Every structure is written in C-alpha cells, then in structure tokens.
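Descriptive structure summary
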Amino acid sequence: MLATAADLQPMEMSFLGNTLDRQSTKRGDKAYLADLLNRPDTEIVLSTARTLVFSSGDRLELGHRLDAAKALGADPVEMVFLGLREESGRALFATTLAQDDEELDARADLQLIDLRTLALQNALSPEDMGALAQARALIHWHRTHRFCSRCGEKTVMAEAGYRRDCPSCESNHFPRTDPCVIMLITDETGDRALLGRPARLPEGIYTTLAGFMEPGETIEQAVRRETLEESGITVGEVRLISNQPWPFPANLMLGCIGTATSFDIEIEDDELEACKWCDRDEVRQMVGHSHPEGHLIPPSISIAHELITGWLEGHL
C-alpha cells in the first residue's frame, strides 16, 4: 500500500514547493528567451560553486536584475531558464559567477548563504525554496560539464540550459538527477526502528539509512542492498512512501519503509560509525532533545525527519 502525502503530517520538508511554469516547449525559442531575459521584472538567481548570492538588506530577494547580474560578471549566454512565476508570470533565470566566495563576501552590498542553511532558516517561501533547488542542481551540472565527455572539447549551453552541445563531435549532454533510496527499517512488530550515524553528520545525530540506486535496480532492491551493506540487516517488504528533491548536488530522495527479516547488526567502518535499534520511547527522547546521551534526529527539512516522525506518530 502506497502512503499518500496526507499520511505524513506535518509536511515540513524543504524543496517541495516549486510552482514555476517551466515552459519546456519554449526552451528552443531563442527570441522568446531573449525577450524574457531583458524584461525589467525578470529575476536572476546568482550562485558561486558553494553558495547563493543575494543583495544585502533586511529581506532576502530571490533574484537580481539583469544589469546587476552583468555587473557581477554573469554571462547572459550561460543563463539557465527556470520558468515563469505562477501568479505574476515573471521570468526566473539562474547562472553561476566566476568569483570565489571570499571575493564576493567582502562586498557590503551582497550576502552569501548556502542552500542548506537557507532551508534551516526558513527565510523564504516554499515556492522560492523549490525554485532554488532547481537552480542549484542545474548550476552544479553546468559547472561540472563544461567539456565533452566523448572528445574533451568545450561544450556550449543549449535548450535554455537543459542541454549542453559539443560543436566538435556533435554530442548532446543532458542534466542528470541521481535517485537515492532513504529508508526507515522497522522490526517485524513495527515497534523498533533501525537508525544509524554516518561520521559526516553533526555529533549525536542518528538518521535513517540511505544510498544511491545502481543501474538495473528497482527501488525495493536498492533498499534491501543498501540496508544489508550498511548494517548487515536483511529486509523483506518495502513500501515507497514519499520523495523529495535534494539539491546536494542533484538527488531525488525516494523515501521508503522496510520490514527487517534479521536483527543482528554488523556495520562496516566505511559506511556507519554506529547503528542501533531504537524503540519509540528512545526516538521520542531524540525528537524532544531529552535523550540521556544527547542523540538527535535530522532537522525537519529532510525526508529522514519525516520518515522517523511519521513512524513515531503512527502515520506510517
């Protein structure tokens, strides 16, 4: 049985609210795109390799005007068209800047914020956060695919940023989204959940297991393989619950619930530094910041938080 979005209450995950009209059939219309780019109300999201660049001020403004973007070194040829705003019809573009963070951060008229921090601050609307997820994933792809993987020659942007072409060997390259399974594994009674601690997480945080899908796998197969690799636990039934764009750099998280068929944990040093079965009382302490050892769960911006709290509250 597939759970619906209404089963996960409250829905606090970030990056779900993108309402842009992507105008995908217009991406090859250069005159149309040029007209949009030069409109006075068009917004341009600016980014470095690591952070988003905003104008200074009390209120965060998602985009810059074209003249301001050009003054910061933005190249109009490398503008990705994100779409039109749902209510106003204003166009939104995105591009990357060549300057490093230190150079830009020294300017009093700019402020730099990474996307994860921005999500935790809850400073922008769900619609804007969804658009920024789209922007960051595309910008990262363009920064890392400037040269052809077939012949090594420099590529050029095409189709409003949704393709790069190689003039030398005529290859076409397309943005990629990497699917990842993220799963809350419970015991056969459903009363205990398997939580692990990767070393990369802040101290004390325990989370669901997760991993990239491999070619030729179903979601269910990936959940079973990743759980076995990371914890030594075998899994039987798997249910797909929800999904979330996760632009770090360009993932789609596929949230699942799985039922364990074995219970003895065996972890490898390169996957997790700790893994344990937790009952609801212990997880409730983690959520309430009252765990005797200071253990916590991930923040509400993530699908891991929704899976854990959904199980804890009996929604899943």
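Not measured: the values here are computed from a predicted model.

Some points on the overall build of the protein
Helices and strands together make up the secondary structure of the protein, namely 8 helices and 14 strands. At 22 Å, the protein has a C-alpha radius of gyration in line with the 20 Å of a compact globule built from 316 residues. Overall size of the protein, expressed as C-alpha extent along the three principal axes, is 60 × 50 × 35 Å. Expressed as a percentage of its 316 residues, the buried residues of the protein come to 50%. By sequence separation, contacts in the protein at least 24 residues apart represent 64% of the contacts at least 6 residues apart.

A closer look at the pattern of salt bridges
Following the criterion strictly, the structure yields 20 salt bridges and no others. Each of Glu 214, Glu 217, Arg 225, Glu 226 and Glu 229 takes part in one network of salt bridges that share partners.

Considering the layout of surface pockets
As a volume, the largest pocket reaches approximately 750 Å³. Lining the largest pocket are 30 residues; nearest its centre among them are Arg 116, Arg 200, Leu 201, Thr 207 and Trp 246. Contributing elements (two or more residues each) for the lining of the largest pocket: α4 (115-121), β9 (178-186), β11 (209-212), β12 (235-246), β13 (251-260) and α8 (303-312). In terms of residues, the lining of the largest pocket owes the most to one element, β11, which gives 4 residues.

A few points about unusual backbone geometry
Residue Pro 249 is reached from Phe 248 by a cis peptide bond, and omega for that bond is 5°. Secondary-structure assignment places Pro 249 in the loop between β12 and β13. In this model, Asn 122 sits at a positive phi of 55°, which is unusual for a non-glycine residue. Its place among the elements puts Asn 122 in the loop between α4 and α5 (126-144). Residue Asn 122 is classed as exposed on the basis of its relative accessible area, which comes to 64%.

Overview of the packing of aromatic side chains
The final tally for this structure, using the stated rule, is 5 aromatic pairs. Considering the side-chain rings of Phe 15 and Phe 248, the 5.9 Å spacing of their centres and the 65° angle between planes classify their relative orientation as edge-to-face. Placement of Phe 15 in the segment before α1 (30-37) and of Phe 248 in the loop between β12 and β13 is noted, with a sequence separation of 233 residues between them. Judged by centre distance (4.9 Å) and plane angle (70°), the rings of Trp 246 and Phe 248 are edge-to-face.

Section: the sheet that holds strand β7 (residues 163-165)
Spatial ordering of the open sheet is given by β6-β7-β8, a layout of 3 strands whose pairing is antiparallel. Looking along the sheet, the strands with just one partner apiece sit at the ends: β6 (156-158) and β8 (172-173). Here β6 pairs with β7 via 3 bridges, running antiparallel. Directly across from Ala 158, in β7, lies its bridge partner Arg 163.

Describing a negative patch on the surface
A contiguous patch of negative charge, built from Asp 264, Glu 266, Glu 268, Asp 270 and Glu 271, is present on the exposed surface. When you line up the elements, Asp 270 lands in the loop between β13 and β14 (274-279).

Brief notes about empty space enclosed by the protein
Under the counting rule described, the total for this entry stands at 1 cavity of 30 Å³ or more. One number sums up the size of the largest cavity: a volume of about 50 Å³. Looking at the largest cavity, the residues that line it are Glu 78, Val 80, Ala 94, Thr 95, Thr 96, Ile 139, His 142, Arg 146 and Met 157. Sorting the residues of the lining of the largest cavity by element identifies β4 (91-96) and α5 as the ones contributing at least two each. If one sorts the elements of the lining of the largest cavity by residue count, β4 sits on top with 3 residues. Looking at the lining of the largest cavity residue by residue, the classes come out as 4 nonpolar, 3 polar and 2 charged.

Describing the confidence of the model for the protein
A residue-level look at the protein finds 96% of positions with pLDDT of 70 or above and a mean pLDDT of 93. The low-confidence segment residues 1-11 (pLDDT under 50) makes 16 contacts with residues lying over four places distant or belonging to another chain.

Remarks on α1
Regarding α1, the residues found buried are Tyr 32, Leu 33, Leu 36 and Leu 37. The buried residues of α1 occupy an angular sector of 135° when projected down its axis, which confines them to one face. Opposite the buried face of α1, at more than 90 degrees from it, the exposed residues are Lys 30 and Ala 31. Along its buried surface, α1 packs onto β1 (43-47), α2 (66-71), β3 (80-84) and β4.

Structural notes on the packing of helix α7 (residues 280-287) against α8
At a closest axis distance of 10 Å, the pairing of α7 and α8 adopts a crossing angle of 130°. With respect to α8, the axis of α7 lies oblique. As for how α7 packs across α8, the hand of that crossing is left-handed. Counting all contacts with α7, which are made through Arg 280, Val 283, Arg 284 and Val 287, the residues of α8 involved are Ile 308, Thr 309, Trp 311 and Leu 312.

Here we look at the pairing of β1
Of all 5 residues making up β1, 5 are buried, and the element is well covered by its neighbours. Here β1 runs beside strand β2 (residues 52-55); their pairing, made up of 2 bridges, is antiparallel. Among the inter-strand pairings, Ser 47 is bridged to a residue of β2, identified as Leu 52. Taking the residues that link successive antiparallel strands as the turn, the β1-β2 hairpin has 4 residues.

What counts, and where the lines are drawn
- Residues numbered from 1 in each chain as written.
- Predicted model: local features only at pLDDT ≥ 70, side-chain atom pairs only at ≥ 80, totals over all residues.
- Heavy atoms only, no water.
- Helix = DSSP H or I, 4+ residues; strand = E, 2+ residues; numbered from the N terminus.
- Rg over C-alpha atoms; globule rule 2.2 N^0.38 Å.
- Buried < 20%, exposed > 50% of the residue type's maximum accessible area, 1.4 Å probe, protein only.
- Contact = heavy atoms within 4.5 Å.
- Salt bridge = Lys/Arg side-chain N within 4 Å of Asp/Glu carboxyl O.
- 1 Å grid on protein atoms, 1.4 Å probe; cavity = no way out; pocket = protein on both sides within 12 Å on 5 of 7 lines; lining within 4 Å.
- Points joined across faces, edges and corners; volume = space filled by probe spheres on them.
- Phe/Tyr/Trp six-rings, centres within 6.5 Å; stacked < 30°, edge-to-face > 60°.
- Pairing = 2+ DSSP bridges.
- Patch = residues over 30% accessible without salt bridge, like charges linked within 9 Å, V, L, I, M, F, W, Y side chains within 5 Å.
- Areas by Shrake-Rupley, 256 points an atom, 1.4 Å probe, with all protein chains shown as cover.
- Lys, Arg positive; Asp, Glu negative; His and termini not counted.
- Charge placed at Lys NZ, Arg CZ, Asp CG, Glu CD.
- Nonpolar A, V, L, I, M, F, W, Y, C, P; charged D, E, K, R; others polar.
- pLDDT = per-residue confidence, 0-100.
- Arc of directions from axis to C-beta.
- Axes fitted to C-alpha atoms, helices over the stretch in contact; angles between N-to-C directions.
- Parallel < 35°, antiparallel > 145°, perpendicular 65-115°, else oblique.
- Left-handed = near helix turned anticlockwise from the far one by under 90°.

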